[in-house]
Amino acid sequence: MTEHNFATGRCLCGAVRYRINAEPIRMAACHCKHCQRSSGTGHMSLAFFREDDVSIEGETSSYGAEADSGNVNTRHFCPTCGSRVFSTNSARPGVVGIAVGCADDNSWFAANAVVYAKRRETWDHTPEDVPNFEEMPPPAK
Ligand SMILES: [Zn+2]
Ligand SMILES: [Zn+2]
């Protein structure tokens, strides 16, 4: 198998690390209240990868929360430093959402959608020249 090293990342303390071997399926900025609370700021910048393309080392703690859609989004974070590292969603099995802030180099990130745009605050800027959805659109096929 040829390994294409797309990105590496780690939490603040370094106990949790990841390596990604392929390009993202999708990139999004999410302004939902859960992302605001769990990140402590206005939105999460998330890149979605096939689970098979991501390897994660180190123990994480996780917290599952039911979204408006009824799907459960489980956010994984480092139990030591609290960094939000990745998430999984019951609506999208086999897909991992990487919190791009933990990537060593995240200059490749460019959201191709904004979700929960209705929650975007005037002080928090995400692109308006890509599709902006008021809430979560149905899962991509
Ligand atoms: Zn950590
Ligand atoms: Zn969200």
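Numbers given for residues are sequential positions, taken from 1 along each chain in its written order. The lettering of chains begins at A and the numbering of ligands begins at 1, in the order of writing. Where totals are concerned, whole chains, interfaces and linings use all residues; where local detail is concerned, this predicted model gives features only for residues with pLDDT of at least 70, and gives and counts side-chain atom pairs only at 80 or more. No hydrogens and no water enter the side-chain calculation; it runs on all heavy atoms of the structure.

Draft legend 1. Summary view of the coordination of the zinc ion (ligand 2). Metal sites are built from N, O and S donor atoms within 2.8 Å, or 3.2 Å for Na, K and Ca, and they leave out water, so they may look incomplete. Distances from the zinc ion (ligand 2) to its protein donors, Cys30 (SG), Cys32 (SG) and Cys35 (SG), fall at 2.1 to 2.3 Å. Relative accessibility decides the category of a residue: with a 1.4 Å probe and only protein chains considered, values under 20% of the type maximum give buried, values over 50% give exposed, and everything between is partly exposed. Taking relative accessible area as the criterion, Cys30 reaches 5% and is therefore assigned buried.

Draft legend 2. Geometry of the nonpolar core. Ranked by internal contacts, the top residues of the largest apolar core, which has 25 residues, are Tyr18, Ile20, Ala47, Phe49, Ile98, Trp108 and Phe109. Throughout, a contact is declared for two residues whenever any of their heavy atoms are within 4.5 Å. Contact partners of Ile20, with chain neighbours within four places excluded, come to His4, Asn5, Phe6, Ala7, Phe49, Asp53, Val54 and Ile98. Grouping buried Ala, Val, Leu, Ile, Met, Phe, Trp, Tyr and Cys residues that are joined through side-chain atoms within 4.5 Å yields what is termed a nonpolar core. Formed by 11 residues, the second largest nonpolar core is a distinct cluster that contains Cys30, Leu46, Phe48 and Val95.

Draft legend 3. Geometry of the coordination of the zinc ion (ligand 1). Within the protein, the atoms that donate to the zinc ion (ligand 1) are Cys11 (SG), Cys13 (SG), Cys78 (SG) and Cys81 (SG), at distances of 2.3 to 2.4 Å. Any site counts as irregular unless it has four donors with all angles between 85 and 135 degrees, making it tetrahedral, or four or six donors with opposite ones more than 155 degrees apart and the rest between 65 and 115, making it square planar or octahedral. The coordination sphere of the zinc ion (ligand 1) comprises 4 donor atoms, whose angles at the metal cover 106 to 117 degrees; the geometry is tetrahedral. Taken in chain order, the donor set of the zinc ion (ligand 1) reads C-x1-C-x64-C-x2-C. With a relative accessible area of 1%, Cys78 lands in the buried category. The class for Cys81 is partly exposed, based on a relative accessible area of 27%.

Draft legend 4. Highlighting the pattern of salt bridges. By convention in these notes, a salt bridge is any Lys or Arg side-chain nitrogen within 4 Å of a carboxyl oxygen on Asp or Glu. Inspection of every chain in the model, using the stated rule, returns 3 salt bridges. The closest approach of N and O atoms between Asp52 and Arg50, which form a salt bridge, is 3.9 Å. Using a relative accessible area of 63% as the deciding quantity, one classes Asp52 as exposed. Arg50 sits in the partly exposed class, given a relative accessible area of 43%. Asp53 is paired through a salt bridge with Arg50; the nearest N and O atoms lie 3.2 Å apart. A single network of salt bridges, built from pairs that share partners, joins Arg50, Asp52 and Asp53.

Draft legend 5. Representation of the side chain of His31 in the model. For the purposes of this entry, the term helix denotes a DSSP run of H or I that reaches at least four residues, the term strand denotes a run of E that reaches at least two, and both are numbered from the N terminus. Its place among the elements puts His31 in the loop between β3 (26-30) and α1 (33-39). Owing to a relative accessible area of 0%, His31 belongs among the buried residues under this scheme. One polar contact links His31 to Thr126, side chain to side chain, over a distance of 2.8 Å. Among residues more than four places away in sequence, those in contact with His31 are Gln36, Gly42, His43, Val114, Val115, Tyr116, Arg119, Arg120, Asp124 and Thr126. We define a polar contact as two N or O atoms separated by no more than 3.5 Å, with the added condition that, inside protein, one atom must be a possible hydrogen donor and the other a possible acceptor, whereas residues neighbouring each other in sequence contribute only through side-chain atom pairs.

Draft legend 6. Spatial organisation of the environment of Thr74. For Thr74, the position within the fold is in strand β7 (residues 72-77). In the structure, Thr74 is positioned 16 residues away from Ser90 in sequence and 8.2 Å away in space, judged by C-alpha atoms. The contact partners of Thr74, leaving out residues within four places of it in the chain, are Ser62, Tyr63, Gly64, Phe86, Ser87 and Thr88.

Draft legend 7. Main features of the sheet that holds strand β2 (residues 17-20). In space, the 3 strands of this open sheet follow the order β1-β2-β5, with antiparallel pairing throughout. On the outer flanks of this sheet lie β1 (7-10) and β5 (54-57), each paired with one strand and no other. On average, adjacent strands in this sheet sit at an angle of 10 degrees to one another, irrespective of strand direction. Relative to β2, β1 runs antiparallel, the two sharing 4 bridges. Considered in β2, the bridge of Arg10 is made with Arg17. Two strands are said to pair when DSSP picks up at least two bridges between them. Axis definition: a line fitted to C-alpha atoms, over the contacting stretch in the case of helices. Angles run 0 to 180 degrees between N-to-C directions.

So yeah, pure geometry; function would need other evidence.
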